[in-house]
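Listed below, chain by chain, are the residues.
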Amino acid sequence: MDATEGFGDLLRSAEQLTADVDTGTELPRIEQNLRQIMETSQRLWTKTAQIGSQDETDVKASILLGSKGLDVPHISHRLESLSTAKTFEPLEPMGDTDIQGFLRNERENNLLAVIEETKQNTFHQAEQRFWDSLQSEWDQEKQRILDTLIGSSPDLIDVTADTSSSMISDRVHMEGRSNLDNVEMAYARQVYMYNDRVVAGGVRPNLVELFREASLQFEQKNVTELWDMVGDMSSVSAIPSSDTTETRCSPQVQASMVAQARGFLEKYYVEYIRNIVSSNMRQAQLGGIPGTYPLVQAFLKIKLPVQLPGLEDGEVDNMPIWPVVYYCLRCGDLDAVAVAVRNASQNLGEFVEFLQEYMENEDRRLSPGTETKLRLHYRRAVRNSSDPFKRAVYCIIGKCDTTDNHAEICDKTEDYLWLKLCQTSFHERPPSGGASEHLSLQQLQHTLYEEYGESHFSAHLNPFLYFKVLFLSAQFEAAIEFLSRADSNLRSHAVHVAIALHELGLLILPENPQMPILSRNAEDPAPIQRLNYTRLIIMYTAKFEATDSREALQYYYLLRNIHDSHGRNYFVNCLSELVVDSREFELLLGRREADGSRRQGAIDKFGVDTQGVIEVVAEDTENKGLFEEAVKLYDLGGNVNKVLEIMNRLLSPVMSMASNAQSKRDRLQQQALALAERYQTQALTGTRANTRSFYLLLDLMTFFDQYHAQESDRAIETIDKLQLIALTQDSVDDRVTSFKQYTDEIRRNLPDILLATMNILCSKYRSIRSTTHQSPARRTGVLALPEDGGKDKHLARLRQQAKALITFAGMLPYRLPGDTNARLVQLEVLMN
């Protein structure tokens, strides 16, 4: 009774708890049994528990490996027995007294060590060469892109030019559309005329004069003055030498260049004075007496103020003596200076003797003794003079006080340059002289280019002025480089100045044509620089080589005497690039006619080894992967063997394809047939292997044409005549033996040949087997089989051919693809 009451109380308490849960809170009600609660708890524990111990991991790994059938204890034992030692130990234990075993082990270790070291070195060298090659290719491509960008003009980007017409022909006429403007056309015409005369032989024309004639039609004063300057500076008495740097650095040549520069500045200053006087005739009062002296007198009436303070030593013909002397010197007329000194109102003392000796010397310099005497007199009595013209005259005659720029009278760049050129010396500095008593040409060049530079002369505002400063100071390379980048409209002038100087042997070129446009050689005396003439020409022609390839070829001919690191001249290199880029094969190199004769191209006009050039261009084209173009070029060059070799490589991949109009296979087949017909007519052959493979590939293409056209009988007849594969048991051994003589172009197509032949045999077998007794005229694609006996015999012959084909394929010393063997066996089974 007590137990019953106890259970009853427990039941009521449980019901009370349930009621409280249902009404008192919002907790979810859990309705799971004990098994579900245990699984849920286990999942929660595995998510939050830490990673198991190593022992547990090993147990799980053992269970996994054991389930796969692996002997875990045996594997563990083998893994523990492995040694990580880097040295090679003997496989068998070796006793301490086993000398022979010890030596054998040492020998093996040394051999293995050498092999390992060689392997590591080989991998390292291969990787290094790969990166060097990649870097070199990238540098070349980067430079090519930069040259293309520099050589192009923004307003010509969208121009589509007709390349069928050329500016320069045998009659040198212009027609059609071109990327050349009128200035570039005029220069290109003169280059063509010059090259034509050079090829013809004889005396070469003066290229500077040709370019000067072309510049007259531009009607630009600066351009005309530029070519006058080039003409004067190039008229130097050069010393015969194979080294241009040595020639340019010789004192004789430098003195001649300075004299020419002074003469040019003096000539144009006379022109300047004459223009000033002509514009002010009433004030100048020139009169009718010719000569420099009266011209200077008239100029000074305009130039000098009425009362200029500080002038000394009286007058000559009512004009201050030292201004007259200075401007006569500035005009380069020493006779006029002598007239002025002779007519001076006051005695000029020792200056008359100095001037007399200065005039008698062809080099316009005093003897060392007289020069020392003049400098002493200058330091004692003239340096502190108030007359700027007197100081300037003494500095010119005695080449002294070179640090004084005489800014009072040299207010123009040309005047300053002329004064410094007059003070330039070409002899060793005297021991007693200081830095201010000697000015070499190298010092003047350094001052103008390094110390002053473009900013001092405002070169971006007046590029012709800065070009003049550099060019007249014999810095040809720096002047050309500056003008070529200063303005795209001036680049053509700079390029042709470089051409003229290079043809005269006055341009210093770098030893490596891959150098920048302007570079220095550590072995050259400062401040000599070198101009990359090759790159300059290539950059210039990049603008129009696509539309005016014949004109570009004229410029490339100028590079014929410059060679690359492989010994090839840049005329051939640039021609090769031009042919590949423009695809003007026939225009530039000629064409092979149907009768085998060669029609000449633009290259034949240059009198070079045409066959050799074509061979080089063909090699470059082949190396770039343009095999079809390479075939045409090798054929043009008469290299029959190379033509056959490349044609075999081209025909082999497409031989088994179906022929479609305008397809690559159709194009190559037509080209190969034309070559084969011409070679057979002219009895031209290459090596035996290439010739045999070429004609065999053509016959196999005929076989596959018949196969794809479902001409079974003709296809079997063709493949049987070729004697390439065995169709009878008797011929298997002979065909296997002869197969070793075929080239890879034939061998790699063998699977397709075997499958095509087996497909033909199988289709014929099915066709004949399905036929009933019917007349031969109604049968199509099969032989006439009048009786069942003939039918069975023919089916048996087809089975024998298939069996022979399977035997031949199995005996070949050539591994066929697995699917090919499977397909052959499957087709042969279907026939049985």
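All values derive from a computational prediction rather than experimental measurement.

## Focus: the overall build of the protein
Then, in step 1: Along its length, the protein carries 37 helices and six strands.
Then, in step 2: Of all 832 residues assigned to the protein, the portion counted as buried reaches 44%.
Then, in step 3: Within the protein, contacts between residues separated by at least 24 positions form 59% of all contacts whose residues are at least 6 apart in sequence.
Then, in step 4: Counting only carbon and sulfur atoms, one obtains 51% of the accessible surface of the protein, whose full area is about 46200 Å².

## Digging into the layout of surface pockets
Then, in step 1: By volume, the second largest pocket amounts to about 570 Å³.
Then, in step 2: As for the second largest pocket, its lining consists of 22 residues, of which Lys221, Glu225, Tyr268, Glu414 and Lys468 are closest to the centre.
Then, in step 3: Among the elements that make up the lining of the second largest pocket, the one with the highest residue count is helix 10 (residues 251–279) (seven residues).
Then, in step 4: Of the residues that constitute the lining of the second largest pocket, the class distribution is ten nonpolar, four polar and eight charged.

## What to know about the state of the cysteines
Then, in step 1: In this structure the tally under the stated criterion is zero disulfides.
Then, in step 2: Residue cysteine 400 stays outside any disulfide, its sulfur separated by 4.4 Å from that of cysteine 395, the closest cysteine.
Then, in step 3: With no disulfide partner, cysteine 422 has as its closest neighbouring cysteine sulfur the one in cysteine 410, 9.5 Å distant.

## Points about the confidence of the model for the protein
Then, in step 1: When pLDDT is averaged across the protein, the result is 83; 85% of the residues are at 70 or more.
Then, in step 2: In this model, residues 773–787 is a region of pLDDT below 50 whose contacts with residues beyond four sequence positions or in other chains number 20 contacts.

## Here's the deal with the environment of glutamine 611
Then, in step 1: Its place among the elements puts glutamine 611 in helix 27 (residues 610–623).
Then, in step 2: A C-alpha to C-alpha distance of 7.9 Å links glutamine 611 and glycine 638, two positions 27 residues apart in sequence.
Then, in step 3: Residues within four places of glutamine 611 in sequence aside, it is in contact with Arg598, Leu636, Gly637 and Gly638.

## Some thoughts on a nonpolar patch on the surface
Then, in step 1: Residues Ile99, Phe102 and Leu103 make up a contiguous nonpolar surface patch of about 320 Å² in total accessible area.
Then, in step 2: With respect to the helices, strands and loops of the structure, isoleucine 99 is situated in helix 5 (residues 99–151).
Then, in step 3: Note on isoleucine 99: relative accessible area 58%, which makes it exposed.

## A look at the packing of aromatic side chains
Then, in step 1: Scanning all chains against the criterion turns up 34 aromatic pairs.
Then, in step 2: Aromatic pair tyrosine 269 and tyrosine 272: ring centres 5.5 Å apart, planes at 40 degrees, arrangement tilted. Residue tyrosine 269 and its partner tyrosine 272 are both found in helix 10; the two are separated by three residues, about one turn of the helix.
Then, in step 3: The class for tyrosine 269 is buried, based on a relative accessible area of 8%.
Then, in step 4: On the basis of relative accessible area, tyrosine 272 is assigned to the partly exposed category, the value being 27%.
Then, in step 5: With centroids separated by 5.6 Å and ring planes inclined at 85 degrees, the aromatic side chains of tyrosine 557 and phenylalanine 571 adopt a geometry described as edge-to-face.

## A short note on the pattern of salt bridges
Then, in step 1: Summed over the entire model, instances satisfying the criterion amount to 35 salt bridges.
Then, in step 2: Arginine 212 is the salt-bridge partner of aspartate 228, the closest N and O atoms lying 2.4 Å from each other. Placement of the pair is aspartate 228 in helix 8 (residues 221–234) and arginine 212 in helix 7 (residues 207–216), with a sequence separation of 16 residues.
Then, in step 3: Counted as one network, the salt bridges with shared partners bring together Glu622, Lys642, Glu645 and Arg649.

## As for the environment of leucine 490
Then, in step 1: With respect to the helices and strands, the residue leucine 490 is situated in the loop between helix 21 (476–486) and helix 22 (491–503).
Then, in step 2: For the pair formed by leucine 490 and phenylalanine 464, sequence separation is 26 residues and the distance between their alpha carbons is 9.2 Å.
Then, in step 3: When neighbours within four sequence positions are excluded, leucine 490 is seen to be in contact with Pro463, Phe464 and Leu483.

## Focus on the packing of helix 31 (residues 688–708) against helix 35 (residues 750–770)
Then, in step 1: Where helix 31 contacts helix 35, the two axes come as close as 11 Å, and the packing angle between them is 40 degrees. With respect to helix 35, the axis of helix 31 lies oblique. Judged by the twist between their axes, the crossing of helix 31 over helix 35 is left-handed. Side by side, helix 31 and helix 35 meet where Leu700, Phe703, Phe704 and Tyr707 of the first sit next to Asp752, Ile753, Ala756, Thr757, Asn759 and Ile760 of the second.
Then, in step 2: Of the residues assigned to the contact of helix 31 with helix 35, the class counts are seven nonpolar, two polar and one charged.

## Remarks on unusual backbone geometry
One can expect most non-glycine residues to show negative phi and most peptide bonds to be in trans.
Then, in step 1: In this model, alanine 526 is joined to proline 527 through a cis peptide bond whose omega is 0 degrees.
Then, in step 2: A positive phi angle, near 65 degrees, is found at asparagine 318, a position not held by glycine.
Then, in step 3: Topologically, asparagine 318 is positioned in the loop between strand 1 (315–316) and strand 2 (319–320).
Then, in step 4: For asparagine 318, a relative accessible area of 69% gives the class exposed.
Then, in step 5: One non-glycine residue, glutamine 710, adopts positive backbone phi at about 60 degrees.
Then, in step 6: Secondary-structure assignment places glutamine 710 in the loop between helix 31 and helix 32 (712–722).

## Quick notes on helix 30 (residues 664–682)
Then, in step 1: Between its terminal C-alpha atoms helix 30 stretches 27 Å, which fits the 27 Å expected from 19 residues at 1.5 Å a residue.
Then, in step 2: Those residues of helix 30 that sit buried are Arg665, Leu668, Gln669, Gln671, Ala672, Leu675, Ala676, Arg678 and Tyr679.
Then, in step 3: Elements that come into contact with the buried residues of helix 30 comprise strand 5 (591–592), helix 28 (627–637), helix 29 (640–654) and helix 31.
Then, in step 4: At the C-terminal side of helix 30, alanine 683 shows a positive phi close to 55 degrees.

## Here we look at the environment of glutamate 315
Then, in step 1: Note on placement: glutamate 315 falls in strand 1.
Then, in step 2: Owing to a relative accessible area of 41%, glutamate 315 belongs among the partly exposed residues under this scheme.
Then, in step 3: In this structure, glutamate 315 is in contact with Pro320, Ile321, Ala344 and Ser345, ignoring residues within four places of it in sequence.

Criteria and cut-off values
Residues numbered from 1 in each chain as written. Predicted model: local features only at pLDDT ≥ 70, side-chain atom pairs only at ≥ 80, totals over all residues. Heavy atoms only, no water. Helix = DSSP H or I, 4+ residues; strand = E, 2+ residues; numbered from the N terminus. Buried < 20%, exposed > 50% of the residue type's maximum accessible area, 1.4 Å probe, protein only. Contact = heavy atoms within 4.5 Å. Areas by Shrake-Rupley, 256 points an atom, 1.4 Å probe, with all protein chains shown as cover. 1 Å grid on protein atoms, 1.4 Å probe; cavity = no way out; pocket = protein on both sides within 12 Å on 5 of 7 lines; lining within 4 Å. Points joined across faces, edges and corners; volume = space filled by probe spheres on them. Nonpolar A, V, L, I, M, F, W, Y, C, P; charged D, E, K, R; others polar. Disulfide = S-S within 2.5 Å. pLDDT = per-residue confidence, 0-100. Patch = residues over 30% accessible without salt bridge, like charges linked within 9 Å, V, L, I, M, F, W, Y side chains within 5 Å. Salt bridge = Lys/Arg side-chain N within 4 Å of Asp/Glu carboxyl O. Phe/Tyr/Trp six-rings, centres within 6.5 Å; stacked < 30°, edge-to-face > 60°. Axes fitted to C-alpha atoms, helices over the stretch in contact; angles between N-to-C directions. Parallel < 35°, antiparallel > 145°, perpendicular 65-115°, else oblique. Left-handed = near helix turned anticlockwise from the far one by under 90°. Expected span 1.5 Å × (residues − 1).

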